[in-house]
2 protein chains.
Amino acid sequence: MKTKKLHIISTGKQKPEQLAEIIGVIHPYIDFIHLREKTKRAKEVYEMVELLADKKVPLSKIMINDRVDVACASNVKGVQLAYHSLPVEIVKREFMDLTVGCSVHSIEEAQIAEQQGADYVIFGHVYSTQSKPGLIPKGIEQLWSVSESVSIPVIAIGGITPTNSREVIEAGAQGVAVMSGILEAEDPLEAVKQYRSYLSE
Amino acid sequence: MKTKKLHIISTGKQKPEQLAEIIGVIHPYIDFIHLREKTKRAKEVYEMVELLADKKVPLSKIMINDRVDVACASNVKGVQLAYHSLPVEIVKREFMDLTVGCSVHSIEEAQIAEQQGADYVIFGHVYSTQSKPGLIPKGIEQLWSVSESVSIPVIAIGGITPTNSREVIEAGAQGVAVMSGILEAEDPLEAVKQYRSYLSE
């Protein structure tokens, strides 16, 4: 089995310096680092990328949530788009160098993202998660259906643990996206290694 | 005296269709139309530009607040940046086709904007205005000082009326920026013509 991708997504709650400190340590075990800082303005996110670069985090692993301009100006890998972002096809046309991921919540959304040129989708939330309290998770079967319905990689998000990540991979996911499970772990390096061990077998 | 510029700035309170309706009528009298929609997401602002284009508003008059990516994707004239936006020099370097305006509140900020390559600055608020309740206006003398301190055009904002626009022009402003004074006027076309008459003499 080919090694699956491990995405890490910032929680928006950690201070930039704290986040940079953690990612500076764990980035060798991670494929994509998403800055998803919903309350921060463009300049702050731009400066967060500079902090990560200072910690020798490769720009080629960094994805910016929603702000295509910040991604472009920072020379990072790409952007993660949501339903309220610029349309995928527009971003692919106007910002050709960027990798474009799209956050989806159904088969239909995943198929539209693929048609519009998304390089991958993040689908969730698969399991119950603190970050989506009270919302019914999509479950492993819907993950399987989404994986079957598109040919671009599907990354699973939401309540993913090291142990259940094997199940999501078996359901067709090409990787997992993790927030607090790594970034808020007591030992983030140990946590990331655990995820990695289940994704590399 | 050369004709001075008239900028109009959306209030963020009007519905997109309503705003497009008004601007569709008054745009021939305006030099720059700013979409300053702080609570709207990228996709909504992008769609607002489409609405304006449907009303035959020239894209070459439209400026987008803060979102460089939306400006770029919409092929409009440029962006209006604030202190929390991407830095002016980065935007000028990465998005060379865009006109870049910068919102400033002091001589120092105006000079920095000029050094970084801003095409013009908007300075204010000059007079008391409903949109800045409780804040002391900068006043006409500070406008004069700012105009003296940079060689790029200074556009005055804040409480500008048709009659006091002559005073701000005499203080060195190369134009005025108006929000509610036109967009919330009982007759926006009549209002814009009044401003224009004072700016063209």
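This one's a predicted model, so the numbers in the text were calculated from it and none came from an experiment. (Residues numbered from 1 in each chain as written. Chains lettered and ligands numbered in written order. Predicted model: local features only at pLDDT ≥ 70, side-chain atom pairs only at ≥ 80, totals over all residues. Heavy atoms only, no water.)

Focus: the UniProt feature "binding site: 4-amino-2-methyl-5-(diphosphooxymethyl)pyrimidine" (unreviewed entry) in chain A
All names here are of chain A.
In step 1: When the UniProt feature table is mapped to this numbering, "binding site: 4-amino-2-methyl-5-(diphosphooxymethyl)pyrimidine" (unreviewed entry) covers Asn65, Ser103 and Lys132.
In step 2: In this fold, Ser103 is placed in strand β5 (residues 99–104).
In step 3: Looking at Ser103, the relative accessible area reads 23%, which means it is partly exposed.
In step 4: Ignoring sequence-local partners within four residues, the contact set of Ser103 consists of Gln80, Leu81, Glu109 and Ile122.
In step 5: Here the side chain of Ser103 touches Gln80 through a polar contact of 3.0 Å, side chain to side chain.
In step 6: By the secondary structure assignment, Lys132 is in the loop between β6 (120–123) and α6 (139–149).
In step 7: For Lys132, a relative accessible area of 34% gives the class partly exposed. (UniProt positions renumbered as here; feature names shortened; annotations may be inferred. Helix = DSSP H or I, 4+ residues; strand = E, 2+ residues; numbered from the N terminus. Buried < 20%, exposed > 50% of the residue type's maximum accessible area, 1.4 Å probe, protein only. Contact = heavy atoms within 4.5 Å. Polar contact = N/O pair within 3.5 Å; in protein donor to acceptor, adjacent residues only side chain to side chain.)

Here we look at the pairing of strand β8 (residues 175–178) of chain B
Residues and elements named next belong to chain B.
In step 1: Residues Gly175 and Ala177 line one face of β8 and the alternating positions Val176 and Val178 line the opposite face, and both faces are buried.
In step 2: Examined bridge by bridge, strand β1 (residues 5–9) and β8 share 4 bridges and lie parallel to one another. Across the sheet, the residue bridging to His7 is Ala177, located in β8.
In step 3: Looking at chain direction, strand β7 (residues 154–157) and β8 are connected through 3 bridges and run parallel. Bridge assignment links Ile157 to a residue of β8, and that residue is Ala177.
In step 4: Remark: the β7/helix α7 (residues 165–170)/β8 crossover connection has right-handed handedness. (Pairing = 2+ DSSP bridges. Right-handed = clockwise from strand over helix to strand, strands pointing away.)

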